[in-house]
Amino acid sequence: MSHLSPLSVPYRAAQRSVSIVFAVAFFVFSGGAAFGGFLGAFGGIILLGSLVLAIAGYELAYYQRFEYELTPDTFDIRSGVFGRRNREIPYRRIQNVDISRNVAQRLFGIAAVNLETAGGGETEGSLRFVSYDEALRIQTEVARLKRGETAGEATEPDREVLFELAPRELGIVGALSFDLRLPGLVFVFVTSAFPVASSYIDVPLPTSGVVATALGLGGLVLLVALVSWGAGFVRAVVNYYDFRLTRVGDELQYERGLLQRYNGSIPLDKLQTLTIEDNPLKRHFGFATLLIETAGYAPSGDSRNGSSVGRGSEAAIPLARRERVRSLVDDLEGVAEPTYERPPKRIRRRYAVRYSLALGAIALALFGANTLLDRAIPWYVPLALVPVAIVAGVYQWRHRGYGLTDDHVVTRNGFWKRETRFVPYYRIQTIIDTRTIFQRRWRVATVTADTAGSLSLVGGDAAAVDIGADDAVGLRETLNDRLRDALAERREERRRARQAALGVTVDAPDVSEPDDDEATEASTDDGVAETPTESAGSDDSYTESAGSDDSSTESPDTDDSSTESPDTDDSFVWGDAVETPDEENEAAVEDRSGTDSDDR
């Protein structure tokens, strides 16, 4: 069993002590009767020293009782000072091994390691802290053990640098970034600072009327835009400094960050969705961002390590020419952007009416404020933007659509932040058809391809929005059919790969003239019997009997549950062995691949 780095003891103790010591020191030396008057300065120093020693003692005990080990099948962690906790994390469930280091951790030569798993709501395993070399070793060993290689036969995988962010490109990333989380702070600052600043400025400014309102709103909007742009520039530079994306074997590895340095891995076989993201500025200059979403929980940071939890996906390319981004999508998934099917043209009126109603609501609110406050507020100004709302409706319709390729469903939505999502058919978990009360009035629907990615929890799935009701039914059935075909094809490929790995050559069965009895049997190579059925509601419905992994049709003359081949008795060769977790998941997906219709 291995331990954390010894330097983690003073670092963790200092990290925990800072906030506690400052809080206690404030009460002790603030002159309050509860602490200052009773203990005095000397007593306060003793109290603070005792707290620091207690924290250091706890961290020393935590270090001694924290152990981890990389076994052939699992990553084992044993931790806890007062209550013990033992965890065994199978390598097959580990999605990402992320390494993060802030400035202080780099000075100490330590790093935090996070093990992210599929379906988890939080980090499954966390090592706080190990040496940086040990963190890299853990990342490499987990990748090797996931591939099933032994230490003797392990080879150094090929490394290919796919993308590096040059300083000029980093500056462009910052220039095209906005952080809109500060408008509230800006508003509070302006409203409190304006009276103070105006008292020092000997310039006559209008304090009431239309001119004053226009100047105030215009200045506030300009200030919010400048602060948002400045905050976005700083945030982008800090996050994506020295960004590098490398293909290492069957993984993508990225490095980024100025103050907080990240080094993470993205398994290629766990990719759920690729997203090309842009905005009007990026489109004007020909740039785009590529996001990669994996299964389960994939935060871009960890709040316990001093950073905020991200959106569940990683930027494979923060910013690059759109042609370069499309080239990487084609390299990773072998798919190009298709010709999009847009919503019906009548939907443009719906979008224009929606935006116009929003402007009318704003004008009504200003009119009410004008009446109640007896102030000369130009409540009619928002109505002048109605022509802009009509143009916005047209642009929203133009940037919305979906397309189907041989292996992927592609959706595009948004104008201010346009997202083009590429989803392989075999990654689809559920196909959802929703129709709101307003969509039913316009005879349209939304078809969503739900995946196992973390963004699906917050509505981040690929969706064909506001398509015709009849088109929605056809798209739903097409996606169902292609999902089944894709899963069957992947199972067949795995079966052939197993046979090739064992050196077994199997001739394809002759099914040109099946007997009557054989024609009634429908079985798959994975032990899943599919029996086509017909019902009045659907022409492509079917039932599956997914029993034990080695189930097959029993003969009345024998008790064996499978027919033994004269060439080999290894059922693994024939696809009847215990399925891997991914295969079990695909079988479960196929069982659930029916349609959920939400007629809310």
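A few points on the structure. (Residues numbered from 1 in each chain as written. Predicted model: local features only at pLDDT ≥ 70, side-chain atom pairs only at ≥ 80, totals over all residues. Heavy atoms only, no water.)

**Some details on the overall build of the protein chain**
- Summing up its helical and strand segments, the protein chain has 15 helices and 22 strands in all.
- Out of the 600 residues in the protein chain, the part that is buried amounts to 41%.
- Expressed as a percentage of contacts within the protein chain between residues at least 6 apart in sequence, the contacts between residues at least 24 apart total 62%.
- Looking at the protein chain as shown, the accessible area adds up to about 32800 Å², and 57% of this sits on carbon and sulfur atoms. (Helix = DSSP H or I, 4+ residues; strand = E, 2+ residues; numbered from the N terminus. Buried < 20%, exposed > 50% of the residue type's maximum accessible area, 1.4 Å probe, protein only. Contact = heavy atoms within 4.5 Å. Areas by Shrake-Rupley, 256 points an atom, 1.4 Å probe, with all protein chains shown as cover.)

**Describing the pattern of salt bridges**
- In this structure the tally under the stated criterion is 26 salt bridges.
- For the salt bridge of Arg12 with Glu59, the shortest nitrogen-to-oxygen distance reads 2.7 Å. Of this pair, Arg12 sits in helix α1 (residues 8-29) while Glu59 sits in helix α2 (residues 36-65); the two residues are 47 residues apart in sequence, bridging distant segments of the chain.
- Given a relative accessible area of 10%, Arg12 falls into the buried group.
- One network of salt bridges, with partners in common, ties together Asp278, Arg283, Arg322, Arg326, Glu337 and Arg418. (Salt bridge = Lys/Arg side-chain N within 4 Å of Asp/Glu carboxyl O.)

**Some remarks on helix α9 (residues 322-333)**
- Given a rise of 1.5 Å per residue, twelve residues ought to cover 16 Å, and the 16 Å separating the end C-alpha atoms of α9 matches this to within 8%.
- Every buried residue of α9 is listed here: Arg322, Val325, Leu328, Val329, Leu332 and Glu333. Along α9, the residues classed as buried sweep out an arc of 120° about the axis, all on the same side.
- Positioned one or two residues after α9, Gly334 has a phi angle of 65°, which is positive. (Expected span 1.5 Å × (residues − 1). Arc of directions from axis to C-beta.)

**Re the packing of aromatic side chains**
- In the structure shown here, the tally under the stated rule is twelve aromatic pairs.
- With a centroid separation of 6.1 Å and 0° between ring planes, the pair formed by Tyr68 and Phe75 is classed as stacked. Per residue, the accessibility class of Tyr68 equals that of Phe75, and both read buried.
- Summarising the aromatic geometry, the rings of Phe367 and Trp379 are spaced 5.1 Å apart at their centres and angled 75° between planes, so their arrangement reads as edge-to-face. Of this pair, Phe367 sits in helix α10 (residues 347-373) while Trp379 sits in the loop between α10 and α11 (386-398), and the two are twelve residues apart along the sequence.
- What makes Trp379 partly exposed here is its relative accessible area of 28%. (Phe/Tyr/Trp six-rings, centres within 6.5 Å; stacked < 30°, edge-to-face > 60°.)

**Quick look at the sheet that holds strand β2 (residues 74-79)**
- The sheet built from three strands is open, its strands ordered β1-β2-β3 with antiparallel pairing. Both outer strands of the open sheet, β1 (67-70) and β3 (85-90), are each paired with one neighbouring strand and no more. Across the sheet, the axes of successive neighbouring strands diverge by a mean angle of 10°, strand direction being ignored.
- Direction of pairing for β2 relative to β3: antiparallel, over a ladder of six bridges. Bridging across to β3, Thr74 finds its partner in Pro90. (Pairing = 2+ DSSP bridges. Axes fitted to C-alpha atoms, helices over the stretch in contact; angles between N-to-C directions.)

**Some points on a nonpolar patch on the surface**
- A cluster of nonpolar residues, Leu7, Val103, Leu107, Phe108, Tyr241, Leu258 and Leu259, forms a patch on the protein surface that exposes about 650 Å² of accessible area.
- Overall, the relative accessible area of 74% leaves Leu107 in the exposed class. (Patch = residues over 30% accessible without salt bridge, like charges linked within 9 Å, V, L, I, M, F, W, Y side chains within 5 Å.)

**Quick look at the pairing of strand β12 (residues 287-294)**
- Among the eight residues of β12, eight are classified as buried, and the element is accordingly described as predominantly covered.
- Of the two faces of β12, the one lined by Phe287, Thr289, Leu291 and Glu293 and the one lined by Ala288, Leu290, Ile292 and Thr294 are each fully buried.
- Looking at chain direction, strand β11 (residues 271-278) and β12 are connected through six bridges and run antiparallel. Its bridge partner being in β12, Leu274 is matched across the sheet by Ile292.

**Looking at α10**
- Taking 1.5 Å of rise per residue, the 27 residues of α10 would be expected to cover 39 Å, and the 39 Å separating its terminal C-alpha atoms lies within 8% of that figure.
- For α10, the set of buried residues is Ile347, Arg350, Tyr351, Ala352, Leu359, Ala363 and Asn370.
- Against the buried residues of α10 lie α11, α12 (437-442), β18 (444-451) and β19 (462-468).
- Asp374, located one to two residues past α10, shows a positive phi value of around 55°.

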